[in-house]
Amino acid sequence: MNILVLDIGTSGMRGALMDENAGLLWKEQVSYAPSYEENGKVTQAPSDWKNALFQICADCAGEYPVHALAVTSQRSSLIPLDAEGIPVSDAVMWQDTRNTEVCEALRTQDAFVRSRCGAAVNTVFSGGKMTWLRETEPDLYQHTRRLVVIPDYLIHEMTGEYVTDHTYGSRSLLMDIRKRSWSPELLDLFRVEEEKLCRLIAPSSAAGLIWEQFEKQTGIKSGTPVISCGGDQQCAALGQGITGPGKVSVNLGTGAYLTASCDRVPEVIPEGLICNASAIPAQYVLEANVLTCGAALDWLVHTPDYSVVAEALRNSPPGAGGVLTLPYFQGRSMPDWNSSARAVFSGISLENSYHDIVRSLVEGIAVEVCRSLQEIEKIQPAEAVYLSGGLGRTEEIRQLIADVSGKKVWYGGEESAAIRGAWMSAAICLHIQESWDAAWQISCLEDMRIYTPDYALTAFYRNRSAEMETLYRRIYTETAQRM
């Protein structure tokens, strides 16, 4: 059986055709990018994803038979659709912070929202974006029949169905995380009508069947099942074998995402930590994130293979010659949420080189990643870190994460962990594999590399983290008090 896995990321869509033994038969990637504008506006044309979907599916079907499709995607970007399923505006991307005022107005409800959905009010999740759309574009909102995220939109293009799985629902601030249904209280708080939302389904289940018009446009036969495998970060965790406690997935992409598995919703969730639905039905994941990771380095180095980053880490010493960077290009997420925070470069002198500045930014990102790891460990210990994502392809960065965290870092190569996880999800749904562990054993990579920390550097970076926190408090806390 050939399964076409679609991995819908922030910077591109990847298609990978895999057989029943997780063997890769074919792959293709289509690149695109959001538009970053003033005042926190980040948007993208939905046609970018639709065109990429049709191209990948048609190209694959032109060479191989496709027996099932498996979908995993970025999770919180909002697309309003009309009654015909046509977008009525560009997508409001997950990085868009124009809903900051809306979220701040709801901040007094944080405890209630967290108790229901497992996360505090923030600008990333789609529910606050829906409220913002209603308040700032009332005519457009009234014309909107459906409020969907990217996988919902593309599943509708393929099947005609409006469904979303629990992993995306848990990134909306509108789903009761324990009942796994839309919460009337949260819908009322955010002023979103349930009829505008998609029907909730479990991850690793069929979202629908390919309909005739998609077959005509791509060649994939009608009746072919489309499986909603869960959000990309949940699938990336699966693809790294995170099916139980003790391991943490760290995905270094446009942003950095940390994911750990748990069997139930914790009684108390630390501020900044999120409890979402897992890609494994009836399980949960603890999540933390750093809002800008690869995106910050792209802004600075403009090198897709990050060769400049590797060179900087080799040529600039730990501590980057005294340069200290707060990497908050799109705000700060951990340990407290501050969407208004912005990046700060401090301590630069004429003695510093470009390599020092690059290294300082990478160190700042690594420290933020490891702060998030510490928050996860307040709930459960982590024995090892499993690294993936584009930035993880750089050997020096893998070692840096080990040194800063003080934990062994495992790396399984450049193939997408999200794609492997989505294949696992589809294999369970289609009864190709009987258990998640068996699916992992089939799909996992044999050449896992292990990076052991230098504990002297771990202590050094612990002090570095304290210096970053002092600088942050001086800029944001003391400034706010003076105002």
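Coordinates for the structure precede this section.
Here goes a summary of the coordinates provided. None of these values were measured; they are calculated from a predicted model. (Residues numbered from 1 in each chain as written. Predicted model: local features only at pLDDT ≥ 70, side-chain atom pairs only at ≥ 80, totals over all residues. Heavy atoms only, no water.)

**Some points on the sheet that holds strand 14 (residues 205–209)**
Quick note on the threshold: When DSSP finds two or more bridges between two strands, those strands count as paired. Numbering of helices and strands starts at the N terminus; helices are DSSP runs of H or I of at least 4 residues and strands are runs of E of at least 2. To get an axis, fit a line to the C-alpha atoms, keeping to the stretch in contact for a helix; angles then go from 0 to 180 degrees between the N-to-C directions.
Overall, mixed pairing links the 6 strands, which are arranged 3-2-1-6-15-14 in an open sheet. Edge strands, defined here as strands with exactly one partner in the open sheet, are strand 3 (24–31) and strand 14. Ignoring which end each strand starts from, the neighbouring axes of this sheet average 20 degrees apart. Note that strand 1 (residues 3–8) and strand 2 (residues 12–18) share 6 bridges and pair antiparallel.

**Here we look at the pattern of salt bridges**
Threshold: What counts as a salt bridge is simple: a side-chain nitrogen of Lys or Arg found within 4 Å of a carboxyl oxygen of Asp or Glu.
Within the structure shown, the criterion is met by 22 salt bridges. Linking K378 and E375 is a salt bridge whose minimum nitrogen-to-oxygen distance equals 3.1 Å.

**With respect to the pairing of strand 22 (residues 384–388)**
Put simply, the rule is: For every residue, the accessible area obtained with a 1.4 Å probe (protein chains only) is divided by the maximum for its type, and the residue is called buried under 20%, exposed over 50%, and partly exposed between those limits. Looking down the strands as they point away from the viewer, one classifies a crossover as right-handed if the path from the first strand across the helix to the second runs clockwise.
Taking burial as the measure, the 5 residues of strand 22 include 5 buried ones, the bulk of the element. Here strand 22 shows no split at all, with A384, Y386 and S388 on one side and V385 and L387 on the other all buried. When strand 16 (residues 247–252) meets strand 22, the two strands line up parallel, connected through 5 bridges. When the bridges of strand 22 are listed, V250 appears paired with L387. Of the strand pairs in this sheet, strand 22 and strand 23 (residues 408–411) are connected by 4 bridges, and their pairing is parallel. Within strand 23, the position partnered with L387 by the bridge is Y411. Viewed along the sheet, the connection from strand 22 through helix 14 (residues 395–405) into strand 23 turns out right-handed.

**Considering the layout of surface pockets**
Quick note on the threshold: We place a 1 Å grid over just the protein atoms. Points where a 1.4 Å probe fits but has no way out form a cavity, open points with protein on both sides within 12 Å along at least 5 of 7 lines form a pocket, and any residue with an atom within 4 Å of a point lines it. Grid points are joined across faces, edges and corners, and a volume is the space filled by probe spheres set on the points. Just so you know the grouping, Ala, Val, Leu, Ile, Met, Phe, Trp, Tyr, Cys and Pro go in nonpolar, Asp, Glu, Lys and Arg go in charged, and all remaining residues, Gly too, go in polar.
Taken as a whole, the second largest pocket encloses approximately 270 Å³ of empty space. If you go around the second largest pocket, you meet 16 residues; those closest to its centre are C370, Q374, V404, R462 and S465. Elements represented by at least two residues in the lining of the second largest pocket include exactly helix 13 (354–376), helix 14 and helix 17 (455–482). The biggest single contributor to the lining of the second largest pocket is helix 17, with 6 residues. Of the residues belonging to the lining of the second largest pocket, the class tally is 7 nonpolar, 4 polar and 5 charged.

**Considering the environment of W182**
We apply this condition: What makes two residues a contact is simply this: any of their non-hydrogen atoms within 4.5 Å. For this analysis, a polar contact is any N or O atom pair within 3.5 Å, provided that within protein one partner can donate a hydrogen and the other can accept it, and provided that sequence-adjacent residues contribute only side-chain to side-chain pairs.
Along the polypeptide, W182 turns up in strand 12 (residues 181–182). A relative accessible area of 13% places W182 in the buried class. What W182 contacts, discounting residues up to four positions off in sequence, is T164, G169, S172, L174, M175, L187, E194, L197, C198 and L200. A distance of 3.0 Å separates the side chain of W182 from the backbone oxygen of C198, its partner in a polar contact.

**Some points on unusual backbone geometry**
Located in the positive-phi region is A22, a residue other than glycine, with phi close to 70 degrees. With respect to the helices, strands and loops of the structure, A22 is situated in the loop between strand 2 and strand 3. Overall, the relative accessible area of 16% leaves A22 in the buried class. In this model, S204 sits at a positive phi of 60 degrees, which is unusual for a non-glycine residue. One can find S204 in the loop between strand 13 (199–201) and strand 14. You can call S204 buried: its relative accessible area is 10%.

**What to know about the pairing of strand 16**
The buried count for strand 16 comes to 5 of 6 residues, which makes it a mostly enclosed element. Where strand 16 meets strand 17 (residues 256–262), 5 bridges bridge the pair, whose relative direction is antiparallel. Looking across to strand 17, one finds that V250 is bridged to L258.

**Observations regarding empty space enclosed by the protein**
Remark: the empty space left among the atoms is shown by a probe the size of a water molecule rolled over them. In this structure the tally under the stated criterion is 5 cavities of 30 Å³ or more. Space inside the largest cavity adds up to approximately 90 Å³. Forming the boundary of the largest cavity are 13 residues, of which M130, V149, D152, T164 and W182 lie nearest the centre. Taken together, the elements giving at least two residues each to the lining of the largest cavity come down to helix 4 (126–136), strand 9 (146–149) and helix 7 (166–169). The biggest single contributor to the lining of the largest cavity is strand 9, with 3 residues.

**A few points about the packing of helix 13 against helix 14**
Condition: If an angle is under 35 degrees, it is roughly parallel; if it is over 145, roughly antiparallel; if it lies from 65 to 115, roughly perpendicular; otherwise it is oblique. By the definition used in this description, the sense in which the near helix is turned from the far one sets the handedness, with an anticlockwise turn below a right angle giving left-handed and a clockwise turn giving right-handed.
Remark: helix 13 packs on helix 14, axes separated minimally by 9 Å, with the N-to-C direction vectors making an angle of 50 degrees. In terms of axis orientation, helix 13 runs oblique to helix 14. Classified by chirality, the crossing of helix 14 by helix 13 is right-handed. Here R359, V362, E363, A366, V367, V369, C370 and L373 of helix 13 lie close against helix 14, whose contacting residues are I397, L400, I401, V404 and S405. Of the residues contributing to the contact of helix 13 with helix 14, the split by class is 10 nonpolar, 1 polar and 2 charged.

**Looking at the packing of aromatic side chains**
Remark: the centre distance and the inter-plane angle together describe each pair of aromatic rings, the angle taken between the planes. The condition is simple: Here is the rule: rings of Phe, Tyr and Trp (six-membered ring for Trp) pair when centre to centre is within 6.5 Å. Planes less than 30 degrees apart are stacked, more than 60 are edge-to-face, and the remainder are tilted. The rule is short: NZ of Lys or CZ of Arg within 6 Å of the ring centre and within 35 degrees of the ring normal puts a charge over the ring.
As enumerated under the stated definition, the model contains 9 aromatic pairs in all. Seen in terms of ring centroids, F54 and F214 are 5.1 Å apart; in terms of plane orientation they differ by 70 degrees. Their pairing is edge-to-face. Of this pair, F54 sits in helix 1 (residues 46–61) while F214 sits in helix 9 (residues 212–218); the two residues are 160 residues apart in sequence, bridging distant segments of the chain. The burial state of F54 is the same as that of F214; both residues are buried. It is R180 that lies over the ring of Y284; its NZ or CZ is 4.7 Å from the centre.

**Overview of the nonpolar core**
Put simply, the rule is: Remark: nonpolar core denotes a set of buried residues (Ala, Val, Leu, Ile, Met, Phe, Trp, Tyr, Cys) joined through side-chain atoms within 4.5 Å.
In this structure, V192, L252, V309 and V369 are the most contacted members of the largest nonpolar core, which totals 90 residues. With 10 residues, helix 13 is the largest single contributor of residues to this core. If near-sequence neighbours (up to four positions away) are discounted, V192 is found in contact with M130, T131, Y141, L147, L174, L187 and L197.

**Points about the packing of helix 12 (residues 307–315) against helix 13**
Where helix 12 contacts helix 13, the axes come no closer than 8 Å and their chain directions differ by 100 degrees. With respect to helix 13, the element helix 12 is oriented roughly perpendicular. Between helix 12, through V308, V309, E311, A312, L313 and N315, and helix 13, the contact on the second element is made entirely by Y354, H355, V358, R359 and V362.

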